[in-house]
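If you want the building blocks of each chain, they are given just below.
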Amino acid sequence: MRTRPLTGCPIRILFLMGAILLFSCPSYGQSNEATLSLRLQNATLEEFIRRVETATDYSFVYSEEVKLARPISLNTDGQPLRKVLDLAFTNQPVTYQITGKHILLKKKIEKPVSRKFTISGYVTDGTSSETLIGANIFESRQQQGTATNPYGFYSLTLPEGTTSLSVSYLGYTTRNLSFSLKRDTVLNIQLSSNLLLDEIVVVSDKVEAGIKATQMSAVDIPITQIKNTPTVLGEADVLKTLQLLPGVQAGMESSAGLYVRGGGPDQNLILLDGIPVYNIDHLFGFFSVFTPEAIKKVTLFKGSFPARFGGRLSSVVDVRTNDGDMKKYHGTISVGLLTSKLHFEGPIIKDRTSFNISLRRTYFDLLASPFMKSSDKMGYHFYDVNAKLNHKFSDRSRLFLSFYQGKDKYSYTLDDEWGGGSNYTNDYSRTKLDWGNTVVSSRWNYIFNSKLFSNTTLAYNHYKMITTSHEKYTNSSEVGKSETQLDSDFHSGINDWSWQTDFDFTPSPRHHIKFGAGYLYHTFHPEVSTSKVIERQGESSTQEVNANPASDAIKAHEASAYMEDNFELTPQLSLNAGLHFSLFHVQKKTYHAIEPRLSLRYQLSREVALKAAYTQMTQYVQLLTGAPVSLPTDLWVPVTDNIKPMQSHQFSLGGYYTGIAGWEFSAEAYYKNMKNVLEYKDAVSFFGTSSNWVNKVEMGTGRAAGIELMIQKTAGKTTGWVAYTLAKSDRLFENGSINYGRRFPYKFDRRHSISILANHKFSNRIDVGASWTYNSGCMATIPMETTALIRPGGGVSDGNYVESRNNYRLPPSHLLNLGINFNKKTKHGMRTWSISLYNVYNAMNPNMAYYKAGETISYKTFTPEGVEEITVTEEKKPKLTKWTVLTLIPSVTYTYKF
């Protein structure tokens, strides 16, 4: 039987016939199928059917809808019928079904391919057009989400069709958007501030830091929290707020230093809009250089560092400044006991160009000057200037120009004269000490397409310390007049020229790729000093000039490249994997390192997540310091032929729970080992000179381990956190030049640290803040025995101490600070009176401590025959002397926002 195509027959009749044939004819198994040999070249469907029907007893049934996309070419030899049909209809819009002795051909119905499109754009403040960093964008139907990058840009790829977006940011009303996604779409989203959310002061659920993030050991600190944290003299400080987090401590009591997870102060990468800042302290370490009014976002990374960061071992503090309001002018004036501040921003060209400027200055010198003697005056002040221009060329292109300068200036003048008439003596001396940073940068954001975002930064960074002194001694008598003049100059610093290009690429919602490269050209000036001595006697004079032989600048080249991918393996498991490559060339020596970074997150449930991470870091510069506080005489120096780069390997585990509304619980454990860490050798110290510093230090290894617990309340009238850290850190120098080759505790090894921070909002007019900290004492080196030598002629001098490095733990310290703000709206803005109490119960915590242990002094004398020991000994009792700088200090600050 042979069946021809059915023409003019309705489709339903065709399928009815097919059904009748299906149930009325017997089926034949594969084993009964015919085999055939065919050789066809560009055959039509009709020709193929005719050849098959001729060679077998099968017949075809099909309609006019069945057509080939291309002719059939076959060359088979004794192949089963099904095999021949499969080959014939491969990549053809035809399907077949064998029913009894009939072959039913049907038109293949193609399933529609689900197309995907990308939504991208900026999320901004609806009032000022300020970009919002870390805003969350979530699509409920696909359960896909992302967050804005440090420049406020986002990219999210979704299937075609109805889309429901939810856009949220702390302190802003959540915005819901529903639309039909039919093409790649640029969607710039503006959010409106919601005053009802002002009481929420702890950031949660962020891409970098929250339970849903792959990265761990990262914390975002909102500026509201920084401003509401009570501190000394009411001066809000970024770094002092960071010190209240687990794993972070201040070092010396009340200072703005950062010691993170057993690392030193030079192991922290401090970034201002992506540019490293070398000196972050004012007032000898008691305040930081960051003015809160100029800052938009602060993020601390203390482990599990993303691959885009490198150059330090212990932490990254990423500080981002405000871009400037593009719609209207507004600002803040603040007057306190220590400083006054002015912040002003607004449009230059509305919706196109804006500016932002913040100024801060102390006036201790102005207030103290009237109370000083005219012959004995001391002056000190510091200032900060932050300025930024922001220009929007288009939705795809933006340019930022930034400037920061911060300086400390100290001076002391003594002018003393006594005697009279022709017989008098005059002593005059003037000392000046200036230090600070200057950072100039330009950033260009460009969107290549909806999935690829770039940022290119060019910057100049300059840190310099200068100290000068002028002394003049004049003596006049009947014999004549003599004069001696001494002038000296000492300065050190670093100049950096840098370039960095970063890319954000989002090929799909499951992948967020970052990659980039950078280059820094360093010029180190460890020390440059000159001195001049002039002596005059009557009409004659002599002059002597000395220059430091170590004054040559050190040039260095530093390059880096990185790539990281944050991707979702399953809905429960995500991975952040990356590599950071670094290279450092100095004095014909080249070092390089490949640093792997890996983070894993497993979502046990919606409220519970587990995370693990491994990070390797390399550091090529060190800070030479010999004091427990930051001093302007501290010097930055690079690696050398003999001093190798410091390296660290850190392993972290963490668990996170958010099952109680408005609360977050976290527990993290870490272990970090370090190599090539530097310490001064025994009986060697640093006194503001880098001469032969390589011979004064030793390289060794370090370990740090700890457990960090944190409970945060993120919503309601009362917010804040409780943090506890159990930690241990030590050092080992096996060659014996330090502590006889034995392991010893790190100087700032504190076993227990507790911090409590709380803010309560009574109403829109009154809110209060409090912080309490407890820390185990840090370590100190205690001399156990002193040998005194009696020199020929009767002089007595101390011999070398016999001691163990960091062998005594100082007493613990604890501190309570309180603050209250009184707010009142006015016709043109809001005024705030802030009253704070630092060290409320006047705890006498040691800023510094000097401990003299019990001694047995044996007197020895030199004789012509040699050294003879005298048996007379003197016993001295132990004595601990503590120096407390900051006791109970009240302060008041007036702020007016307009």
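Every residue gets a number counted from 1 within its own chain, in the order that chain's sequence is written. Reporting of local features is limited, given that this is a predicted model, to residues whose pLDDT is at least 70; pairs of side-chain atoms are given and counted only at 80 or more, and all residues count toward the totals for whole chains, interfaces and linings. To get the side-chain values, all heavy atoms of the structure are used, and hydrogens and water are removed first.

1. Points about helix α3 (residues 81-88)
In an α-helix there are 3.6 residues to a turn, and that puts residues three or four apart on one side.
Then step 1. Only protein chains enter the accessibility calculation, which uses a 1.4 Å probe. A residue is then buried if its area is under 20% of the maximum for its type, exposed if over 50%, and partly exposed in between. In this text, helices come from DSSP runs of H or I with a minimum length of four residues, and strands from runs of E with a minimum of two, each type numbered from the N-terminal end. Of the positions making up α3, those classed as buried are Leu81, Val84, Leu85 and Ala88. Summarising the axial view, the buried residues of α3 lie within an arc of 100°, below the 170-degree limit, and thus occupy one face.
Then step 2. By definition in these notes, contact holds between two residues if any of their heavy atoms fall within 4.5 Å. Next to the buried residues of α3 lie β1 (35-43), α2 (45-55), β2 (59-61), β3 (72-80), β4 (94-99) and β5 (102-107). Directions from the helix axis toward the C-beta atoms define the arc.

2. Some remarks on α2
Then step 1. When α2 is considered as a whole, its buried residues turn out to be Leu45, Phe48, Ile49, Val52 and Glu53. Along the long axis of α2, the arc covered by the buried residues comes to 125°, so they all point the same way.
Then step 2. Elements that come into contact with the buried residues of α2 comprise β1, β2, β3, α3 and β5.

3. Describing a negative patch on the surface
Then step 1. Side chains of Asp376, Asp415, Asp416 and Glu417 sit close together on the surface and give a patch of like negative charge.
Then step 2. Ranked by the residues each element gives to the negative patch, the list is headed by strand β27 (residues 397-420), at three residues.
Then step 3. Relative to the assigned elements, Asp376 resides in strand β26 (residues 376-392). Patches here: salt-bridge-free residues with over 30% relative accessible area, like charges joined within 9 Å, nonpolar side chains (Val, Leu, Ile, Met, Phe, Trp, Tyr) joined within 5 Å. Here the accessible surface of atoms and residues is derived via Shrake-Rupley with a 1.4 Å probe, and residues count as covered only by protein chains that are part of the display. Salt-bridge detection follows one rule: a side-chain nitrogen of Lys or Arg within 4 Å of a carboxyl oxygen of Asp or Glu. Neither His nor the chain ends contribute to the count of charged residues, in which Lys and Arg are positive and Asp and Glu negative. We put the charge of a Lys on NZ, of an Arg on CZ, of an Asp on CG and of a Glu on CD.

4. Side note on the confidence of the model for the protein
Regions with low pLDDT should not have their predicted coordinates read in detail.
Then step 1. Each residue carries a pLDDT value, the predictor's own confidence for that position, ranging from 0 to 100. Averaged over the protein, the pLDDT score is 83; the fraction of residues at 70 or greater is 84%.
Then step 2. For residues 1-31, every residue scores under 50 in pLDDT, and the model assigns this stretch 35 contacts once sequence neighbours within four places are set aside.
Then step 3. Every residue in residues 787-802 scores below 50 in pLDDT, and together they form 35 contacts with partners more than four places removed in sequence or on other chains.

5. Side note on the packing of aromatic side chains
Then step 1. We call Phe, Tyr and Trp rings a pair once their centres come within 6.5 Å, taking the six-membered ring for Trp, and we label the pair stacked below 30 degrees between planes, edge-to-face above 60, and tilted otherwise. The final tally for this structure, using the stated rule, is 30 aromatic pairs.
Then step 2. Measuring from centroid to centroid gives 4.2 Å for Tyr259 and Phe748, while their planes differ by 40°, and the two rings are tilted. Taken together, the positions of Tyr259 in strand β16 (residues 259-260) and Phe748 in the loop between β43 (744-745) and β44 (752-761) put the pair 489 residues apart, joining distant regions of the chain.
Then step 3. Overall, the relative accessible area of 9% leaves Tyr259 in the buried class.
Then step 4. Consider the rings of Phe448 and Phe503, whose centres lie 6.3 Å apart with planes at 35°: the pair is tilted. Within this pair, whereas Phe448 is found in strand β28 (residues 423-449), its partner Phe503 is found in strand β30 (residues 481-508), the two being separated by 55 residues in sequence.
Then step 5. In this analysis the charged atom, NZ for Lys or CZ for Arg, is taken to sit over a ring once it is within 6 Å of the ring centre and within 35 degrees of the ring normal. Its guanidinium or amino end placed over the ring of Tyr656, Lys611 lies 4.7 Å from that ring's centre, counting from NZ or CZ.
Then step 6. Directly above the aromatic system of Tyr746 lies the positively charged group of Arg731, at a separation of 4.0 Å from the ring centroid.

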